[in-house]
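A look at the structure
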Amino acid sequence: MVKGTSISDPGRMRINDIINSASQGKDLTKEDIVQLLLISGRNDLDALFSAADDVRKIAVGDEIYLRGIIEFSNFCSRNCLYCGLRRDNHAITRYRMPEKDILLSAHYIRKLKVSTVVLQSGEDESLNRDSLCRLISRIKDETGLIITLSVGERSFEDYRAFREAGADRYLLKHETSSAAIQKRLRPGAPFENRLKCLYWLKDLGYEVGTGIMVGLPLQNVGMLADDILFMQKMDADMLGIGPFITHSQTPLANCPNGDPDMVLKVIAIARLVTKTTNIPATTALGSLSRDARLKALSCGANVIMPDFTPLQYKRLYDIYPGKSDDNTDVETFMINLHAQITKLGRIIGQGSGYRKQEIK
Ligand code: 5AD
Ligand code: SF4
């Protein structure tokens, strides 16, 4: 039962009923999810977050899994209105890391005992199938790391070749399930194609991650509820949920940032409804509020993605402001992280960190 239920308050009873239903594994309706997203009182928020934390503990345990990111190219042929890497942003210096530097970073990830590397880039057209396959197989052969790719929408043949070369997981956020927002903010990138890519990736046996930005212009709680139901329906293994952060060199320069508290609610509800998924406390959330990133670990999140991109490149991977302001080297970041995780009563996951197949 949710703690602190007051019989005299019918509104809170309804919230508590919804939270209890979800905790017991019953499906939530869109209307239920909207009710939870609209929560603002401290007691109700605490009830939601503590129920999500309980489900997290039962479904995925106390381990926090680490994934080391290498942002290896900031070229992008797309023009998403929210993103600093968009094609029309001529204010950033573009780079492509040489293969030897990518390999050095991958070895460093291995050295710090992180089991997964995430190779992330913009949609860089010059990264052809063969060069990516060679990179994937070299990393696999030399380090044995689990390889997650995050290089955007590609052809089925590319995805198949990457998988055969040794890629294990793929991140492709659906960003928003609202057709209206997609159309406005992702010009020339039909949502149907992104969906098709997600299902190809599943068919090819990748562990698949999807996810959203919270607080995009035009977005409302009904759309966020649809996003949560979408993530549940597509049975994604990983869910990246972070705030939209305004970038001054984009057409959305005058729009407000997403609300960190709303991000925490979405993470908590996503945990309640998807149970065993891997959910990172995202870097974007940490850029808005360090506290919120830690708080995310106490309301559903179970993954952290330390950035192993060498500093000279990292500061140019300017998707949103604040992302690379933290000049702490990754070794120090990891030492601090260990301390914070211990303080939370949690432990660093040692194994591969694949999605748990069923609740323990
Ligand atoms: N704020 C937050 N996240 C952003 N992304 C792109 N632009 C922004 C922004 N302004 C995220 C998207 C994309 C990933 C590469 O970065 O979710 O999937
Ligand atoms: Fe390119 Fe991704 Fe940024 Fe869109 S969100 S511009 S596809 S890097």
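Residues numbered from 1 in each chain as written. Chains lettered and ligands numbered in written order. Predicted model: local features only at pLDDT ≥ 70, side-chain atom pairs only at ≥ 80, totals over all residues. Heavy atoms only, no water.

A word on the pattern of salt bridges
Rules: We define a salt bridge as a contact between a side-chain nitrogen of Lys or Arg and a carboxyl oxygen of Asp or Glu at a distance within 4 Å. By definition, any uninterrupted DSSP run of H or I lasting at least four residues is a helix, any uninterrupted run of E lasting at least two residues is a strand, and each is numbered from the N terminus. Only protein chains enter the accessibility calculation, which uses a 1.4 Å probe; a residue is then buried when its area is under 20% of its type maximum, exposed when over 50%, and partly exposed in between.
The tally for this structure, following the rule as stated, stands at 25 salt bridges. A salt bridge links Asp235 to Arg355, with the shortest nitrogen-to-oxygen separation between them at 3.0 Å. A residue pair is termed long-range when its members are at least 10 positions apart, and Asp235 in the loop between α9 (221-233) and β6 (238-243) and Arg355 in the segment after β8 (347-348) qualify at 120 residues. For Asp235, a relative accessible area of 40% gives the class partly exposed. Judged by its relative accessible area of 13%, Arg355 is buried. Overlapping salt bridges bring together Arg78, Glu123, Glu153, Glu175, Arg186 and Arg194 as one network.

Description of the side chain of Asp124
Inclusion rule: Each polar contact in these results corresponds to two N or O atoms within 3.5 Å; when the atoms are within protein, one needs to be able to donate a hydrogen and the other to accept it, and residues that are neighboring in sequence are counted only if both atoms are side-chain atoms. By definition in these notes, contact holds between two residues if any of their heavy atoms fall within 4.5 Å.
Looking at where Asp124 falls in the secondary structure, it is placed in the loop between β2 (116-121) and α5 (129-143). Within the structure, Asp124 has its side chain in polar contact with the side chain of Ser73 (distance 2.6 Å). At 3.0 Å, the side chain of Asp124 forms a polar contact with the backbone nitrogen of Ser126. Residue contacts for Asp124: discarding those within four places in its chain leaves Ser73, Phe75, Arg96 and Arg154.

Re unusual backbone geometry
Positive phi, normally seen in glycine, also occurs at Glu175, with a value near 70°. With respect to the helices, strands and loops of the structure, Glu175 is situated in the loop between β4 (169-171) and α7 (179-185). A positive phi is found at Leu218, a non-glycine position, where the angle reads about 80°. Tracing the backbone through its elements, the reader meets Leu218 in the loop between β5 (207-214) and α9.

Here we look at α5
Quick note on the threshold: In a helix, the anticipated span is given by 1.5 Å times the number of residues less one. This arc is taken over the directions from the axis of the helix to the C-beta atoms.
A rise of 1.5 Å per residue sets the reference length of α5, with its 15 residues, at 21 Å; its end C-alpha atoms lie 21 Å apart and thus fit the reference within 8%. Along α5, the residues classified as buried are Leu132, Cys133, Leu135, Ile136, Ile139 and Thr143. The arc enclosing the buried residues of α5, seen along the axis, measures out at 160°, which places them on a common side. Those residues of α5 that are exposed and angled more than 90 degrees off the buried face are Asp130 and Asp141. Buried residues belonging to α5 abut β1 (63-73), α4 (99-111), β2, β3 (146-150) and α6 (156-165).

Examining empty space enclosed by the protein
Here is the rule we go by: Using protein atoms alone on a 1 Å grid, points that fit a 1.4 Å probe yet trap it form a cavity, whereas open point sets bounded by protein on both sides within 12 Å along at least five of seven lines form a pocket; residues with an atom within 4 Å of a point count as lining. Grid points are joined across faces, edges and corners, and a volume is the space filled by probe spheres set on the points. By the convention adopted, Pro, Cys, Tyr, Trp, Phe, Met, Ile, Leu, Val and Ala count as nonpolar, Lys, Arg, Asp and Glu as charged, and the other residues, Gly among them, as polar.
Inspection of the entire model under this criterion finds 2 cavities of 30 Å³ or more. Taken together, 49 residues form the lining of the largest cavity, with Gln120, Ser150, Lys173, Glu175 and Ile319 sitting closest to its centre. Among the elements that line the lining of the largest cavity, the one with the most residues is β6, at 5 residues. Across the lining of the largest cavity, the residue classes break down as 24 nonpolar, 14 polar and 11 charged.

Quick word on the site of ligand 1
Rules: By convention in this text, a residue qualifies as near a molecule or strand provided that one of its non-hydrogen atoms is within 4 Å of it. Only the protein chains shown count as cover for residues, and all accessible areas are computed by the Shrake-Rupley method using a 1.4 Å probe. In this scheme, a molecule is assigned to a cavity or pocket if more than half of its atoms are within 2 Å of the grid points.
Lining the immediate surroundings of ligand 1 are Tyr82, Cys83, Lys173, Glu175, Met213, Pro243, Phe244, Ile245, Ile319 and Tyr320. Between a nitrogen atom of ligand 1 and a main-chain N or O atom of Tyr82, the distance comes to 2.8 Å. Lys173 has a polar side-chain atom sitting 3.1 Å from an oxygen atom of ligand 1. Coverage of ligand 1 by the protein chains reaches 85% of its 400 Å² of free accessible surface. The cavity that encloses ligand 1 is the largest cavity. In terms of residue class, the shell around ligand 1 is made up of 8 nonpolar, no polar and 2 charged.

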